[in-house]
Amino acid sequence: MSNVFWDTESNHHNSFELPGARPHYNPDRPGQVEHIFLDLVLDIPQKTFWGTCTTRLNPVRDGIETLMLDAVDLQIKSIEIAGVPQSFDTDGEQLHIHLTQPTIAQQPIQIAIQYRVEQPQRGLYFVGPDEHYPDKPVQVWTQGEDEDSRFWFPCFDYPGQLATSELRVQVPQDFLAISNGKLVHSETRGEDKIYHWMQQQVHPSYLITLAVGKFVEIRDHWNDIPVLYYVEQKRQADAHRSMGETPQMMEFFSKVFGYNYPYPKYAQVCVDDFIFGGMENTSTTLLTERCLLDEKAAYDNRNAESLVAHELAHQWFGDLVVIKHWSHAWIKEGMATYSEVLWTEQKYGVAEAAYYRLGEARNYFSEDSSRYRRPIVTHVYREAIELYDRHLYEKGACVYHMIRTELGDELFTKAIHTFVQNHAHQTVETTDLLRAIEQATGRNLLFLFDQYVYRGGHPDYKVSYSWDGDSKLAKITVEQKQSKDSEKVSEQQLFDLKIPIGFGYISEAKDPNKTVQVESKSDLKSKFVSESLVSEPLVSESKVVTVRVHQKDQSFYFPLEKKPDFISFDAGNHTLKTVTLSYPIAELKAQLKFDPDPLARIYAAHALAKKGGLDATKALTGSLSQEPFWGVRVEVVKQLVKLKLNQAFDALVIGLNDEHPRVRRATVEALAKVKTPRTYELLKPILENGDASYLIEAAAASVMGEIAAGNQQETPTEAAALQLLEWVLQERQGWNEVVRSGAIAGLSQMKTSENALNLVMQYTTPGTPQALRLSAIRALGNISTGQTPVNLERILQRLEEISREDFFLTQIAAVASLEQMETARAIAVLSNLAEQTHDGRVRRRAEEAIQKVQQNIGPDKALKQLREELDKLSQENCNLRSRLESLEAKISSKEPD
């Protein structure tokens, strides 16, 4: 097993490989699947469907007598080849077809399988109203990734097989049915309608899709290609608002990837109860209806825009160029995630793209530090879906950006074009990307892949600076903190990278308000944005020197004509890393003001906050009012609240009036840590009078509970905050329940309040709008840590009931709640859920949650609780034994002599 040292206890990271993990390989290939034809009839009220799956297979060799297809819980009625019945058997997981005539190489056979499926568990989902949700729309939709297509049709269910596909489906007449490719025919038959779709470009089985509902079709176009949006009738305006930029994105990505959009249409279907944000089925993406924005939500919510960009990019990376094995899924998921950055850069500029990329890096860092560390490419797992994590998405995106940095924009573009054009309608592995880069640019980037793709982790630098005025030498010391003391482990954990170090000089005027029109200082002059002039603080000179950082501790000396005003380690901040800056406060203040890179200014703000004191507070306060980029102001707000000075609070108050909603929201969230009557009075009007942003209202609601928690005498009292949050829950229904979910989060901070718990419990019952119910379920874990034993028992009973529901999102919410608890009883509920769930993602999350609960409890307390549980069971057994003995005695006394 390769790179095991990254998962050992020596570096304090949990193992990705849980018990039962094993190497996975694609199965032996009996031949090439050329075409799949599904001819189905849906009985929507009975949640049943039946029909025929016909697969044309071109055998790769003579003499194959048995074919094995993936088919889970399918009722196989008959199998024929050329009209001749074939014998078969099934074990509930695989279908074994015993051929009457062994195969002849290169002589295709057509395998027609008649089958029926009743109430499928996965793969194909029936959605509709029930006693709790009578207004839910009737829909049917599929989800194949990773290996769930086998739950709704028999297939060779792995990504290495590419075939054309066809789907004919009979549905009630008032329903639309959307699938891959082009609609070749539709007809009415009695009370039903038949739709016949044809996908003429090859793709894997997991990308075959079907969506059925009473959708409204909204038509758009890019060039001559139809661009279609399907939503429920009442969401038409939201569809335009949320997906309306799709044609511009198609134009952009066609240029970025060097290949025009390759399919006859592009449809986006918004469905209820979708278990992901979106799924990039070939030419027909399914999206959660939660991405649809109303007018107010669109004010400061770009998540829908990013989701649309992500799934569209998959039409090239994932659908046109297909991964050969799940272990290489970063190729598609990393690029789709990086495409969100590229689109942000195209539309909003370089600074916004850099900040977006920082957010992606932080998501990965969070998983790496708190969950596990793993190589991006690994074939050791229990289920392939386990790979779909922040290493795959966000770290993968950052690796693509490092490739771009290493090559420069021109060669990066050439490499991506070469990769896509060489492998269109084919399968790929990670080595294919390396080969395309080398073919297009002559560069061998294996050193980068070895460090960031094939092993886990990233460099964690500590950077120190000092100036020797006599010798005019700048000294930079770099320590790789991720490297441990053991010599062997230390060498394995070191990174060997070339890092640019910039020395910045401020103009003689040193006027922080003076600006000049200069070209972007980004190291990468992007081909994806016009070379516009931007307003930057005046920097008269900047010297950049690149050094090789490859040892645990290194010092570099730079002879300079004069002392630099600030230092930029990793100028441009294109390297995926964590970094601590140990600079004098003067250099940090200058960097915060004058470094042209917004990420460098953010790192300077973090370092200043760690310095603390009045000088740092003044610098951060000045930045909050003078900083031109909202992303830096957000970070300054987060740092200001760490400084326990009155001046810091006064600066935060200014942030409440910032022109950018993200800064105002960050300010509201920061003020939660300043639990004073003044804070409460500042934020209360946001809830009472409303705000232009749902998200700011939600943040204010969440903060209210945190500020008031435990206050019985002082203002605000817990009772007053409880009354306000109850009013929000009654009056503030709205988009995706974000504001009322904020109120639930606020209530969950009142950990000793039984009244707060009662309110939260009220919203965990079926019938509560789903988004709000999920928030309430998650909140139970947080509020549980301060409740009485009786109330803790109520919480556990409710979560145990919820954990038995079979909806994926409900199970995930229950796990998220249970993992916050501090009682061994939660472990029992999680264990039962892990054993009973049909979903590998839920199982893994539950198992990881058990470890977190154990950590929450602590070994001593955990042992004590287990002993108490054992004592309780022992006492119950004793009582039962006494009762049995008493009954036996009574029976014996009544028996005749």
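Data block above holds the structure.
In what follows, the accompanying structure is described. All values reported here derive from a predicted model rather than from experimental measurement.

### What about the sheet that holds strand S2 (residues 31-43)?
Then comes step 1: Spatial ordering of the open sheet is given by S6-S5-S9-S3-S2-S12-S15-S14, a layout of eight strands whose pairing is mixed. With one partner strand each, in any of the chains shown, strand S6 (84-85) and strand S14 (182-189) form the two edges of the open sheet.
Then comes step 2: Pairing of S14 with strand S15 (residues 192-203) involves seven bridges; the strand directions are antiparallel. Residue Thr188 lies in a different strand from S15, and its bridge partner there is Lys193.

### Brief notes about the pairing of S15
Then comes step 1: Taken together, the nine bridges between strand S12 (residues 163-172) and S15 define a ladder with antiparallel strand orientation. Its bridge partner lying in S15, Arg168 is registered against His196.
Then comes step 2: Counting the residues that bridge the hairpin from S14 to S15 gives two residues, and of these Gly190 lies at a positive phi of roughly 65°.

### What about helix H14 (residues 630-640)?
Then comes step 1: With ten of its eleven residues buried, H14 lies for the most part within the structure.
Then comes step 2: Turning to H14, the residues buried within the fold contact helix H5 (350-370), helix H12 (598-611), helix H13 (613-626), helix H15 (646-655) and helix H16 (661-671).

### Re a positive patch on the surface
Then comes step 1: Residues Lys462, Lys481, Lys610, Lys642, Lys644 and Lys673 make up a contiguous surface patch of positive charge.
Then comes step 2: Position of Lys481 among the secondary structure elements: in the loop between strand S26 (473-480) and helix H10 (487-493).
Then comes step 3: By relative accessible area, which is 37% here, Lys481 ends up partly exposed.

### Observations regarding the sheet that holds strand S4 (residues 66-70)
Then comes step 1: Read from one edge of the open sheet, three strands run S4-S8-S7, paired in antiparallel fashion. At either end of the open sheet lies a strand with only one pairing partner, and these are S4 and strand S7 (87-90). In this sheet, adjacent strand axes meet at a mean angle of 20° when their direction is disregarded.
Then comes step 2: Taken together, the four bridges between S7 and strand S8 (residues 94-98) define a ladder with antiparallel strand orientation. Looking at the pairing, Phe88 lines up with Ile97 of S8.

### Topic: the packing of helix H22 (residues 770-784) against helix H24 (residues 808-818)
Then comes step 1: Running from N to C, H22 and H24 cross one another at 25°; their axes reach a closest spacing of 6 Å. Comparing their axes, H24 and H22 come out roughly parallel. Handedness of the H22/H24 crossing: right-handed. Contact residues: Gln770, Arg773, Leu774, Ile777, Arg778, Leu780 and Gly781 in H22; Leu809, Thr810, Ala813, Ala814, Ala816 and Ser817 in H24.
Then comes step 2: Its residues placed into classes, the contact of H22 with H24 shows seven nonpolar, four polar and two charged.

### Side note on the packing of aromatic side chains
Then comes step 1: All chains considered together, the criterion is met by 30 aromatic pairs.
Then comes step 2: With a centroid separation of 5.5 Å and 10° between ring planes, the pair formed by Phe253 and Phe257 is classed as stacked.
Then comes step 3: Relative accessible area serves as the criterion here: at 0%, Phe257 is assigned to the buried category.
Then comes step 4: Taking the centre distance of 6.3 Å and the plane angle of 65° together, the rings of Tyr388 and Tyr393 count as edge-to-face.
Then comes step 5: Classification of Tyr388 by relative accessible area gives buried; the value is 17%.
Then comes step 6: Its relative accessible area of 22% is what places Tyr393 among the partly exposed residues.
Then comes step 7: The positively charged end of Lys296 is found above the aromatic ring belonging to Tyr694, 4.7 Å away from the centroid.
Then comes step 8: Over the ring of Phe808 we find Arg841; its NZ or CZ atom is 4.3 Å from the centre of that ring.

### Thoughts on the pattern of salt bridges
Then comes step 1: This model, assessed by the stated rule, comprises 55 salt bridges.
Then comes step 2: Here Glu147 makes a salt bridge to Arg150, at a shortest N to O gap of 3.6 Å.
Then comes step 3: Glu147 sits in the partly exposed class, given a relative accessible area of 25%.
Then comes step 4: What emerges from the salt-bridge pattern is a single network uniting Glu367, Arg371, Arg382, Glu386, Arg844, Glu847 and Glu848.

### Some points on the environment of Ala692
Then comes step 1: Mapping Ala692 onto the fold places it in the loop between helix H17 (677-689) and helix H18 (694-708).
Then comes step 2: For Ala692, a relative accessible area of 43% translates into the label partly exposed.
Then comes step 3: The residues contacting Ala692, other than those within four sequence positions of it, are Lys296 and Tyr299.

### Thoughts on a negative patch on the surface
Then comes step 1: Judged by side-chain charge, Asp73, Asp89, Asp91 and Glu93 come together as a negatively charged surface patch.
Then comes step 2: You can call Glu93 partly exposed: its relative accessible area is 48%.

### As for H24
Then comes step 1: Most of H24 is tucked away, with nine of its eleven residues classed as buried.
Then comes step 2: Contacts from the buried residues of H24 go to H22, helix H23 (789-803), helix H25 (824-836) and helix H26 (840-857).

### Focus on empty space enclosed by the protein
Then comes step 1: Enumeration over the complete set of coordinates arrives at five cavities of 30 Å³ or more.
Then comes step 2: Its volume calculated, the largest cavity comes out at about 130 Å³.
Then comes step 3: Lining of the largest cavity is provided by 14 residues; of these, Arg357, Ala361, Asn573, Thr575 and Leu576 occupy positions nearest its centre.
Then comes step 4: Looking at the lining of the largest cavity, the elements that each hand over two or more residues are H5, helix H6 (391-407) and H12.
Then comes step 5: Per-element accounting of the lining of the largest cavity gives the leading share, four residues, to H5.

Basis of the calculations
- Residues numbered from 1 in each chain as written.
- Predicted model: local features only at pLDDT ≥ 70, side-chain atom pairs only at ≥ 80, totals over all residues.
- Heavy atoms only, no water.
- Pairing = 2+ DSSP bridges.
- Helix = DSSP H or I, 4+ residues; strand = E, 2+ residues; numbered from the N terminus.
- Buried < 20%, exposed > 50% of the residue type's maximum accessible area, 1.4 Å probe, protein only.
- Contact = heavy atoms within 4.5 Å.
- Patch = residues over 30% accessible without salt bridge, like charges linked within 9 Å, V, L, I, M, F, W, Y side chains within 5 Å.
- Areas by Shrake-Rupley, 256 points an atom, 1.4 Å probe, with all protein chains shown as cover.
- Salt bridge = Lys/Arg side-chain N within 4 Å of Asp/Glu carboxyl O.
- Lys, Arg positive; Asp, Glu negative; His and termini not counted.
- Charge placed at Lys NZ, Arg CZ, Asp CG, Glu CD.
- Axes fitted to C-alpha atoms, helices over the stretch in contact; angles between N-to-C directions.
- Parallel < 35°, antiparallel > 145°, perpendicular 65-115°, else oblique.
- Left-handed = near helix turned anticlockwise from the far one by under 90°.
- Nonpolar A, V, L, I, M, F, W, Y, C, P; charged D, E, K, R; others polar.
- Phe/Tyr/Trp six-rings, centres within 6.5 Å; stacked < 30°, edge-to-face > 60°.
- Lys NZ or Arg CZ within 6 Å of the ring centre and 35° of its normal.
- 1 Å grid on protein atoms, 1.4 Å probe; cavity = no way out; pocket = protein on both sides within 12 Å on 5 of 7 lines; lining within 4 Å.
- Points joined across faces, edges and corners; volume = space filled by probe spheres on them.

Any functional reading would require information beyond the geometric quantities listed.
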